[in-house]
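The lines below spell out each chain.
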Amino acid sequence: MRGVRGIRIAVVGGSIAGCAAALAAHRGGVGEIVVYERAVDRPTDRGVGLVMHNSRHGELSSQGYLGTDTPWVQLTRRRWYVRDGLSSLGREVAVTPFPFRTYTWGPLWHELRRRVPDSAQFRPGTTVTGIDITPEGAELTAGSEGRAEHFDLVIGADGYRSVVRRAVCPDLRPEYAGYLAWRGAFPADRLTDPAAWADEDCVFAVFPGGQLTAFRIPDGAGGHRVNWVLFTTPPTRLDLALNDPTSLPPGTVTEALHTHLTEIADTHLPPYWGELVGLTAPDELFIQPLYDFTAPQYTTDRLLLMGDAATVARPHTGAGTVKALQDATALESALTTHPGSLADALRTYDADRSAAGRTMVDLGRSLGQALVQEAPDWGAMDQSALDTWCQQADGGGALGGLKLPRTVSERRAQSETP
């Protein structure tokens with residue numbers, strides 16, 4: 001396999017991970033990059049929220065994958081509440097540090113898209129339907145006409161139902177975690193008493209068998225939206241098909257499921273937070289069943305995985321976007337460190353990121369058990385008990401994502417040291 005500059009790369013998926021992959025490949029010296037994206041366009045002002053640890057943001061900004069132009073909201077603390085029948089907000093169990101920024105998906109994607117050079121070809125509205133490995137590279141079939149094109153390397157950045165992952169790991173089956181994430185976002189001016197909830201607070205309203213997380217995100221126009229996620233086990237009577245990765249997008253949540261969510265909000269959450277869930281319109285609500293998986297290997301001779309195509313950890317980790325962007329920095333580093341050998345670059349990337357993927361999946365499982373599946377008696381908790389619980393639940397300190405081991409320049413300098 002020849003060096004990096006003479007190769008042709010396909011990136012499958014034009015989301016955040018796909019844009020980051022294209023940027024990394026360009027910075028790594030790849031001459032020709034083609035990005036396949038099945039969506040025709042992407043939103044820039046709406047969408048669900050995501051969080052990013054302050055320290056991880058600083059590292060990724062220093063690498064040139066994030067900037068300061070994208071709107072964000074600074075969080076500083078988590079307030080933990082339980083329903084007590086007295087206060088609208090509930091009883092405050094504890095307050096813990098939470099140094100995270102919040103973003104809206106659309107503007108963050110738009111910033112990354114602007115960073116990708118014009119030399120990278122984007123092909124929106126083009127679905128990849130097949131990948132065949134040949135002695136000379138990979139044949140990628142895409143589009144309504146099923147046209148095949150030759151590439152030296154195909155990067156799978158096409159999410160948790162990745163076509164590329166099926167080619168890398170055909171026997172890998174994502175494992176259903178046993179519960180759902182109900183998600184919603186709506187304009188903050190819909191809140192009946194916004195002053196009761198400070199902008200810098202991330203709320204954890206906890207109850208037996210579940211947990212609500214709520215925080216504000218930018219609306220793209222100088223204001224805020226409310227973003228919330230509620231984790232709980234689905235009722236067996238609704239007979240959801242959850243063996244394969246799936247989701248129920250906005251507008252498709254059934255009346256029976258919506259009724260079940262209303263029951264949870266009314267009976268398990270403090271009134272303020274239950275009302276918050278109820279303020280979400282049907283076309284703002286969707287359901288994300290949770291799955292655990294990580295590819296045992298991130299690369300083959302002709303294929304590479306990154307982002308959710310490689311690893312999906314439960315959202316309790318607060319690190320999905322961080323993980324995808326860190327994958328990109330590792331790809332750039334591997335390509336610049338081994339410009340004469342793509343095979344060596346792929347081995348370096350795999351050794352770095354497959355281990356990180358396993359760590360994040362393990363953390364997601366641990367936090368899911370601690371918060372939802374084997375939760376403590378929240379009503380008996382106080383500040384001291386909650387502090388101890390937090391230390392045990394995230395003993396490795398990986399909440400928000402692992403620290404980048406070295407910058408790209410530091411890795412390059414180390415490889416050049418005699």
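Worth saying up front: this structure is predicted, and the values here are computed from it rather than measured.

**Some remarks on the overall build of the protein chain**
From N to C terminus, the protein chain includes ten helices and 19 strands. In summary, the protein chain has a C-alpha radius of gyration of 22 Å against a globular reference of 22 Å for 418 residues, a match within 12%. Expressed along its principal axes, the backbone C-alpha trace of the protein chain runs to roughly 70 × 50 × 40 Å. Considering the protein chain as a whole, with its 418 residues, one finds that 55% of them fall into the buried category. Contacts spanning at least 24 positions in sequence make up 76% of the contacts within the protein chain whose residues lie at least 6 apart.

**Points about the sheet that holds strand β4 (residues 73-74)**
Here three strands make up an open sheet; going across it, the order is β3-β7-β4 and the pairing antiparallel. Two strands lie at the open edges of the sheet, namely β3 (49-53) and β4, each paired on one side alone. Relative to strand β7 (residues 100-104), β3 runs antiparallel, the two sharing five bridges. Within β7, the position partnered with His 53 by the bridge is Phe 100. Of the strands in this sheet, β3, β4 and β7 are in contact with helix α2 (residues 54-62), which crosses β3 at around 85 degrees.

**Observations concerning empty space enclosed by the protein**
With the rule as written, the count across this model stands at one cavity of 30 Å³ or more. In this structure, the largest cavity spans a volume of roughly 30 Å³. What lines the largest cavity is simply Ala 319, Lys 323, Gln 326, Arg 353, Met 360, Gly 401 and Leu 402. For the lining of the largest cavity, the elements supplying multiple residues, two or more each, are α7 (320-337) and α8 (342-373). In terms of residue class, the lining of the largest cavity is made up of three nonpolar, two polar and two charged.

**Quick word on the nonpolar core**
Counting 67 residues, the largest nonpolar core has Leu 140, Val 154 and Ile 155 as the members making the most contacts within it. With nine residues, the single largest contributor to this core is helix α1 (residues 16-27). Not counting residues within four places of it along the chain, the set of residues in contact with Val 154 comprises Ala 10, Val 12, Ile 131, Ala 138, Leu 140, Val 164, Arg 302, Leu 303 and Leu 304. One finds Trp 80, Ala 181, Cys 202 and Ile 217 within the second-largest nonpolar core, a separate group that totals 33 residues.

**A short note on the layout of surface pockets**
Space inside the second largest pocket adds up to approximately 190 Å³. In this structure, the second largest pocket is lined by Tyr 160, Arg 161, Ser 162, Arg 165, Arg 166, Cys 169, Pro 170, Leu 172, Arg 173, Pro 174, Asp 244 and Pro 245. Classifying every residue of the lining of the second largest pocket gives six nonpolar, one polar and five charged.

**Regarding the packing of α1 against α7**
A pair of packed helices can be characterised by two numbers: the angle between their axes and the separation between those axes. Contact geometry of α1 with α7 gives a least axis separation of 8 Å together with a crossing angle of 15 degrees. Classified by the angle their axes make, α1 and α7 are roughly parallel. For the element pair α1 and α7, the recorded crossing hand is right-handed. Counting all contacts with α1, which are made through Ile 16, Ala 17, Ala 20, Ala 21, Ala 24, Ala 25 and Arg 27, the residues of α7 involved are Thr 321, Ala 324, Leu 325, Ala 328, Leu 331, Glu 332, Leu 335 and Thr 336.

**Quick look at the packing of aromatic side chains**
Under the criterion given, the structure shown has 13 aromatic pairs. Judged by centre distance (4.8 Å) and plane angle (55 degrees), the rings of Trp 80 and Phe 204 are tilted. Taken as a pair, Trp 80 in strand β5 (residues 77-82) and Phe 204 in strand β14 (residues 201-207) lie far apart in primary sequence, 124 residues in all. Residue class for Trp 80 comes out buried when judged on its relative accessible area of 1%.

**With respect to the confidence of the model for the protein chain**
Scored by pLDDT, the protein chain has a mean of 91; 94% of the residues are at 70 or more. Low confidence marks residues 414-418, where pLDDT is under 50. Its contacts with residues over four positions away, or in another chain, come to two contacts.

**Here we look at the side chain of Arg 8**
Its place among the elements puts Arg 8 in strand β1 (residues 8-12). In this structure the side chain of Arg 8 is engaged in a polar contact, spanning 2.9 Å, whose partner is the side chain of Glu 32. Contacts of Arg 8, omitting those with residues within four sequence positions, involve Glu 32, Val 34, Arg 123, Glu 149, His 150, Phe 151, Asp 152 and Leu 153.

**Some details on the sheet that holds strand β10 (residues 137-142)**
The strand order β9-β10-β11 describes an open sheet built from three strands, whose pairing is antiparallel. Since the sheet does not close on itself, it has two edges, and those belong to β9 (128-134) and β11 (147-151), each with one partner. Averaged over all pairs of adjacent strands, the angle between strand axes in this sheet comes to 25 degrees, irrespective of strand direction. Bridge count for β9 against β10 is six bridges, and the pairing is antiparallel. Directly across from Asp 132, in β10, lies its bridge partner Glu 139.

**Observations concerning the packing of α2 against α7**
Interhelical geometry of α2 versus α7 gives an angle of 30 degrees and a closest axis separation of 11 Å. Taken together, α2 and α7 sit at an angle that is classed as roughly parallel. Between α2 and α7 lies a crossing of left-handed hand. The residues of α7 that touch α2, namely those facing Arg 56, Glu 59 and Leu 60, are Val 322, Leu 325, Gln 326 and Thr 329.

About the criteria used
- Residues numbered from 1 in each chain as written.
- Predicted model: local features only at pLDDT ≥ 70, side-chain atom pairs only at ≥ 80, totals over all residues.
- Heavy atoms only, no water.
- Helix = DSSP H or I, 4+ residues; strand = E, 2+ residues; numbered from the N terminus.
- Rg over C-alpha atoms; globule rule 2.2 N^0.38 Å.
- Buried < 20%, exposed > 50% of the residue type's maximum accessible area, 1.4 Å probe, protein only.
- Contact = heavy atoms within 4.5 Å.
- Pairing = 2+ DSSP bridges.
- Axes fitted to C-alpha atoms, helices over the stretch in contact; angles between N-to-C directions.
- 1 Å grid on protein atoms, 1.4 Å probe; cavity = no way out; pocket = protein on both sides within 12 Å on 5 of 7 lines; lining within 4 Å.
- Points joined across faces, edges and corners; volume = space filled by probe spheres on them.
- Nonpolar A, V, L, I, M, F, W, Y, C, P; charged D, E, K, R; others polar.
- Core = buried A, V, L, I, M, F, W, Y, C linked by side-chain atoms within 4.5 Å.
- Parallel < 35°, antiparallel > 145°, perpendicular 65-115°, else oblique.
- Left-handed = near helix turned anticlockwise from the far one by under 90°.
- Phe/Tyr/Trp six-rings, centres within 6.5 Å; stacked < 30°, edge-to-face > 60°.
- pLDDT = per-residue confidence, 0-100.
- Polar contact = N/O pair within 3.5 Å; in protein donor to acceptor, adjacent residues only side chain to side chain.

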